[in-house]
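# An overview of the molecular structure
Residues per chain are reported as follows:
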Amino acid sequence: MPNTMGLMGKKIGMTRVYSEHGGATPVTVIQAGPCVVLQKKTVAKEGYNAVQLGFSSKKDNRLNKPESGHAKSADKGGFYHIKEFRVDDPDNYELGQEIGIADLFKVGDLVDVNGRMKGRGFQGVIKRHGFAGGPAGHGSKHHRAPGSIGCSAWPSRVIKGKKMPGHMGTNVVNKKNLTVIDIREEDGIMLVKGSVPGSKQGLLQIFTK
Amino acid sequence: MSTNIIDRIDREQMRFDMPDFRVGDTVKVYIRIIEGTKERVQVFEGVVIRKKRGKMNASYTVRKVSHGVGVEKTFALHNPRVEKVEVVAEGKVRRSKLYYLRSLRGKAARIKEKGRV
């Protein structure tokens, strides 16, 4: 995860936009922010500089006591998602301050987008690790199998970390250097070029470079 | 709610000035192309052999035979580089995809024109 300031957002979906000169660009629509500063962390107290942001506000009657106590200092209610972003100087931010897209990003910027990938279930080595697989025909019986997984009498075991079939997905993926194509402040959405991890309505973190 | 945003982004870019042409029609497609620094309009005339449905992703394919060689071009329906589409003749066909034209030559590859009512 990059150690820069960012925002939390929600993936809306994908479409395409045409540029001035005709080419179509595939874009992901992200509802980013507004995020509220809930806590400032400093080297003196916590050992590192960061701000804690809240995204997607939560009704008061859904908050438990620790949550409402934590949200009290910012006085903007509770939030479903709370995450920390590393900053150089937390004093540039105030508790309760609302941060929108336009405060951090502009069109043409590069951003990193971080999210939890869709689950793929139990997958074989071809999909999971990109193995080549065996021949399809000519009498071959070795189609999508992993092949040899090591030597015999020595070491008489499989080396740790050997790539094998297993569960794939639902891990956090950080996609780097996506171009910001458009920002629409009035809707609170931004368009970034290409795909981003996760399903629609999934939580994303968008980092500045 | 959220799909509305995408619908709205799409609708801003969609072209509602396209004529209602069908598969089998002969059309002229006026494409703006950039050559070096100059921009000019190129005309591609042929038979529409396929229309793909979709919102922003809708497209159509135009086929013509140029110097004995079949040429097909696929255009996005909402592409802003297309200046206009002109329907030259309405064809009478019984398929939605005219891929069979690819294996036909000359007289056999003609399409009956729609009779005026």
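Here the structure is a predicted model, which is why all the values come from computation and not from measurement.

## Description of the overall build of chain B
Each helix and strand in chain B was counted, giving one helix and five strands. What you see in chain B, going N to C, is helices and strands ordered as α-β-β-β-β-β. When the backbone C-alpha atoms are referred to their principal axes, chain B occupies close to 50 × 40 × 30 Å. Of all 117 residues assigned to chain B, the portion counted as buried reaches 34%. Long-range pairs, those at least 24 residues apart, make up 52% of the contacts in chain B between residues at least 6 apart in sequence. Carbon together with sulfur atoms contributes 49% to the accessible area of chain B, which is approximately 7,900 Å² in total. Counting 29 positive and 14 negative side-chain charges, chain B places the centres of these two groups 8 Å from one another.

## Describing the confidence of the model for chain A
Regions with low pLDDT carry predicted coordinates that are not meant to be interpreted in detail. Looking at chain A, the pLDDT average stands at 91 and 100% of residues meet or exceed 70. Within chain A, strand 8 (residues 121–123) of chain A carries the highest mean pLDDT (96), whereas helix 2 (residues 101–104) of chain A carries the lowest (88).

## Focus on the pattern of salt bridges
Under the counting rule described, the total for this entry stands at 16 salt bridges over all chains. Residues lysine 40 of chain A and aspartate 91 of chain A are paired through a salt bridge, measuring 4.0 Å at the closest nitrogen-oxygen approach. Linking lysine 40 of chain A in strand 3 (residues 35–41) with aspartate 91 of chain A in the loop between strand 5 (78–86) and strand 6 (98–99), this pair joins segments that are 51 residues apart in sequence. Among the residues examined, lysine 40 of chain A registers a relative accessible area of 29% and is labelled partly exposed. Taking the relative accessible area as the measure of exposure, aspartate 91 of chain A reaches 57% and is therefore exposed. Glutamate 84 of chain A serves as the salt-bridge partner of lysine 41 of chain A, at 2.6 Å between the closest nitrogen and oxygen. Taken together, the positions of lysine 41 of chain A in strand 3 and glutamate 84 of chain A in strand 5 put the pair 43 residues apart, joining distant regions of the chain. On the accessibility criterion, lysine 41 of chain A (13% relative accessible area) is buried. Look at glutamate 84 of chain A and you get partly exposed, because its relative accessible area is 28%. Salt bridges linked by common partners bring Asp182 and Arg184 of chain A together with Glu12 of chain B together as one network.

## Side note on the interface of chain B and chain A
Each side of the interface is counted separately: chain B has 15 residues, and chain A has 16 residues. Of the roughly 1,300 Å² buried between chain B and chain A, counting both surfaces, carbon and sulfur atoms make up 58%. By the criterion of area lost to chain A, the three top residues of chain B are Ile5, Ile6 and Ile9 of chain B, representing 33% of everything that side buries. Counting the contacts that link chain B with chain A gives two salt bridges. Residues arginine 8 of chain B and aspartate 187 of chain A are paired through a salt bridge, measuring 3.2 Å at the closest nitrogen-oxygen approach. Linking chain B with chain A are six residue pairs in polar contact (both at pLDDT 80 or more), by the criterion used here. It is helix 1 (residues 2–13) of chain B that contributes the most residues to the side of chain B that touches chain A, eight residues altogether. Across the side of chain B that touches chain A, the residue classes break down as six nonpolar, five polar and four charged.

## Quick word on the environment of glycine 33 of chain A
All names here are of chain A. Among the secondary structure elements, glycine 33 is positioned in the loop between strand 2 (24–32) and strand 3. The class for glycine 33 is buried, based on a relative accessible area of 7%. Along the chain, glycine 33 and glycine 124 lie 91 residues apart, while their C-alpha atoms are 38 Å from each other. In this structure, glycine 33 is in contact with Leu7, Met8, Gly9 and Phe55, ignoring residues within four places of it in sequence.

## Observations regarding the sheet that holds strand 1 (residues 26–35) of chain B
Residues and elements named next belong to chain B. Read from one edge to the other, the open sheet built from five strands follows the order 4-3-2-1-5, with strand pairing classed as antiparallel. The strands lining the two open edges of the sheet, one partner per strand, are strand 4 (69–76) and strand 5 (82–89). On average, each strand axis in the sheet is inclined to that of its neighbour by 40°, with strand direction left out of account. Where strand 1 meets strand 5, six bridges bridge the pair, whose relative direction is antiparallel.

## Points about the sheet that holds strand 6 of chain A
All names here are of chain A. Read from one edge of the open sheet, four strands run 5-4-3-6, paired in antiparallel fashion. Each edge of the sheet is formed by a strand with only one pairing partner; in this case those strands are strand 5 and strand 6. Sheet analysis places strand 3 next to strand 4 (residues 50–58), joined by five bridges and oriented antiparallel. The residue bridging valine 37 from the neighbouring strand is leucine 53, located in strand 4.

## Brief notes about the domain arrangement of chain A
All names here are of chain A. Per the domain assignment, the segments making up chain A are domain 1 (6–122 + 172–207) and domain 2 (123–169). Measuring from the centre of the C-alpha atoms in domain 1 to the corresponding centre in domain 2 gives 39 Å. Each partner contributes to the interface: domain 1 provides six residues, whereas domain 2 provides eight residues. Taking both partners together, domain 1 and domain 2 bury about 530 Å²; carbon and sulfur atoms supply 65% of that area.

What counts, and where the lines are drawn
- Residues numbered from 1 in each chain as written.
- Chains lettered and ligands numbered in written order.
- Predicted model: local features only at pLDDT ≥ 70, side-chain atom pairs only at ≥ 80, totals over all residues.
- Heavy atoms only, no water.
- Helix = DSSP H or I, 4+ residues; strand = E, 2+ residues; numbered from the N terminus.
- Buried < 20%, exposed > 50% of the residue type's maximum accessible area, 1.4 Å probe, protein only.
- Contact = heavy atoms within 4.5 Å.
- Areas by Shrake-Rupley, 256 points an atom, 1.4 Å probe, with all protein chains shown as cover.
- Lys, Arg positive; Asp, Glu negative; His and termini not counted.
- Charge placed at Lys NZ, Arg CZ, Asp CG, Glu CD.
- pLDDT = per-residue confidence, 0-100.
- Salt bridge = Lys/Arg side-chain N within 4 Å of Asp/Glu carboxyl O.
- Buried area = accessible area lost by both parts, 1.4 Å probe.
- Polar contact = N/O pair within 3.5 Å; in protein donor to acceptor, adjacent residues only side chain to side chain.
- Nonpolar A, V, L, I, M, F, W, Y, C, P; charged D, E, K, R; others polar.
- Pairing = 2+ DSSP bridges.
- Axes fitted to C-alpha atoms, helices over the stretch in contact; angles between N-to-C directions.
- Domains from an automatic or database assignment.

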